[in-house]
Amino acid sequence: MAANFWCSSQCRKLLDQEEVGHLSPADQEIGMTSEDAKIIKIHMTDYIKTLAQQVKVRQRVVATAIAYFRRVYTRKSFVEYDPCLVAPTCLYLASKAEESTVQAKLLIYYMKRTLPQEKCTYEVPDILHMEMKLLEALDFYLIIYHPYRSLLLLLQDAGITEMTKITWSLVNDLYRTDLILMYPPFMIALACIFVASAFQEKDTIAWFEELRVDMHVIKNITKEIFDFYENYSSLSSERLTAALRKLPQRT
């Protein structure tokens with residue numbers, strides 16, 4: 001385990017926009033677009049959160065599972081790896097990595113309650129088999145650093161701890177994007193403070209100047225935040241259905 005983010009595999013494997021938006025040839029062959037993939041990933045992120053609430057795991061487990069899920073699909077196709085199985089398996093794997101283990105049979109129970117019966121034919125052996133495939137897809141790098149700890153420290157440093165709730169919510173929402181794969185956690189935390197400060201009319205300009213961070217990076221993250229809230233925070237059933245229909249029918 002790396003002692004900090006800068007020594008971690010997560011730091012060495014940060015991706016750019018083109019890499020996170022890459023669509024595999026197999027997915028392109030079935031008519032899937034990058035927009036479809038983005039919508040499916042948002043939907044499955046919400047599915048992970050729903051399962052997590054039912055099995056009662058910590059927020060950190062949820063965040064780690066989502067990071068796994070999103071990283072897997074920068075390397076694998078939706079054709080090859082069924083997201084309806086990958087999502088709960090990521091939660092299962094994350095629960096073990098974060099020392100809050102959930103039994104696979106419990107996940108199967110809630111999968112069957114959450115999804116229509118004809119769409120959930122998976123059993124415990126399927127999760128265990130997919131776990132091995134995911135470990136390989138992730139290169140066995142399971143330690144994920146999240147923005148939450150940095151966020152609390154930065155809010156304290158800036159003297160604006162009253163903004164904890166709104167900034168924490170912003171960070172949670174950003175797990176519906178690929179930002180966790182693209183930027184250091186502390187930069188994501190700073191961008192959330194930057195956005196929240198604007199909405200709350202808090203003057204943090206001098207504080208940001210003292211930090212001497214790259215404001216171009218902060219503003220790039222901010223653009224992604226606004227794009228998410230403008231175009232993807234509330235998906236219509238029509239957009240979601242159209243994207244999900246592109247997935248292969250599995251029996």
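Fair warning: this is a prediction, and the values are worked out from it, not measured in the lab.

### A few points about the overall build of the protein
And step 1. Looking only at helices and strands, one finds 15 helices and zero strands in the protein.
And step 2. Relative to the compact-globule value of 18 Å for 251 residues, the protein shows a C-alpha radius of gyration of 18 Å, a close match.
And step 3. Its C-alpha atoms give the protein principal-axis dimensions of roughly 60 × 35 × 30 Å.
And step 4. Looking at the 251 residues of the protein, the share that counts as buried comes to 49%.
And step 5. Counted over contacts in the protein with a minimum sequence separation of 6, partners at least 24 positions apart contribute 77%.
And step 6. A total accessible area of about 12,900 Å² is found for the protein, and carbon and sulfur atoms account for 52% of it.

### As for the side chain of His-146
And step 1. Secondary-structure assignment places His-146 in the loop between α8 (124-137) and α9 (147-158).
And step 2. Owing to a relative accessible area of 6%, His-146 belongs among the buried residues under this scheme.
And step 3. In this structure, His-146 is in contact with Arg-60, Ala-63, Thr-64, Tyr-175 and Pro-185, ignoring residues within four places of it in sequence.

### Section: the UniProt feature "domain: Cyclin-like" (unreviewed entry) in the protein
And step 1. Taken from the UniProt record, the annotation "domain: Cyclin-like" (unreviewed entry) applies to residues 46-136 and 149-227.
And step 2. In residues 149-227, the share of helix is 77% and the share of strand is 0%. The end C-alpha atoms are 25 Å apart.

### Here's the deal with the pattern of salt bridges
And step 1. Scanning the model with the defined rule gives eleven salt bridges in all.
And step 2. Salt-bridge contacts for Arg-70 lead to Asp-178; the nearest nitrogen and oxygen are separated by 2.9 Å. Remark: Asp-178 occurs in the loop between α10 (164-174) and α11 (179-182) and Arg-70 occurs in helix α5 (residues 59-72); sequence separation between them is 108 residues.
And step 3. Of the residues examined, Asp-178 reaches a relative accessible area of 13% and is grouped as buried.
And step 4. For the salt bridge of Glu-123 with Lys-112, the shortest nitrogen-to-oxygen distance reads 3.1 Å. Here Lys-112 lies in helix α7 (residues 104-114) and Glu-123 lies in the loop between α7 and α8, a separation of eleven residues in the sequence.
And step 5. A relative accessible area of 36% means that Lys-112 is categorised as partly exposed.

### Focus: the packing of aromatic side chains
And step 1. According to the stated counting rule, one finds ten aromatic pairs in the structure shown.
And step 2. Seen from their ring centres, Tyr-109 and Tyr-110 are 5.0 Å apart, and the 75 degrees between their planes marks the pair as edge-to-face.
And step 3. Classification of Tyr-110 by relative accessible area gives buried; the value is 16%.
And step 4. On the numbers, 4.6 Å between centres and 40 degrees between planes, the contact of Tyr-148 with Trp-168 is tilted. Of this pair, Tyr-148 sits in helix α9 while Trp-168 sits in helix α10, and the two are 20 residues apart along the sequence.
And step 5. Under the relative-accessibility criterion, Tyr-148 is labelled buried at 8%.
And step 6. Among the aromatic residues, those joined into a ring-pair cluster are Phe-69, Tyr-73 and Phe-78.

Criteria and thresholds
- Residues numbered from 1 in each chain as written.
- Predicted model: local features only at pLDDT ≥ 70, side-chain atom pairs only at ≥ 80, totals over all residues.
- Heavy atoms only, no water.
- Helix = DSSP H or I, 4+ residues; strand = E, 2+ residues; numbered from the N terminus.
- Rg over C-alpha atoms; globule rule 2.2 N^0.38 Å.
- Buried < 20%, exposed > 50% of the residue type's maximum accessible area, 1.4 Å probe, protein only.
- Contact = heavy atoms within 4.5 Å.
- Areas by Shrake-Rupley, 256 points an atom, 1.4 Å probe, with all protein chains shown as cover.
- UniProt positions renumbered as here; feature names shortened; annotations may be inferred.
- Salt bridge = Lys/Arg side-chain N within 4 Å of Asp/Glu carboxyl O.
- Phe/Tyr/Trp six-rings, centres within 6.5 Å; stacked < 30°, edge-to-face > 60°.

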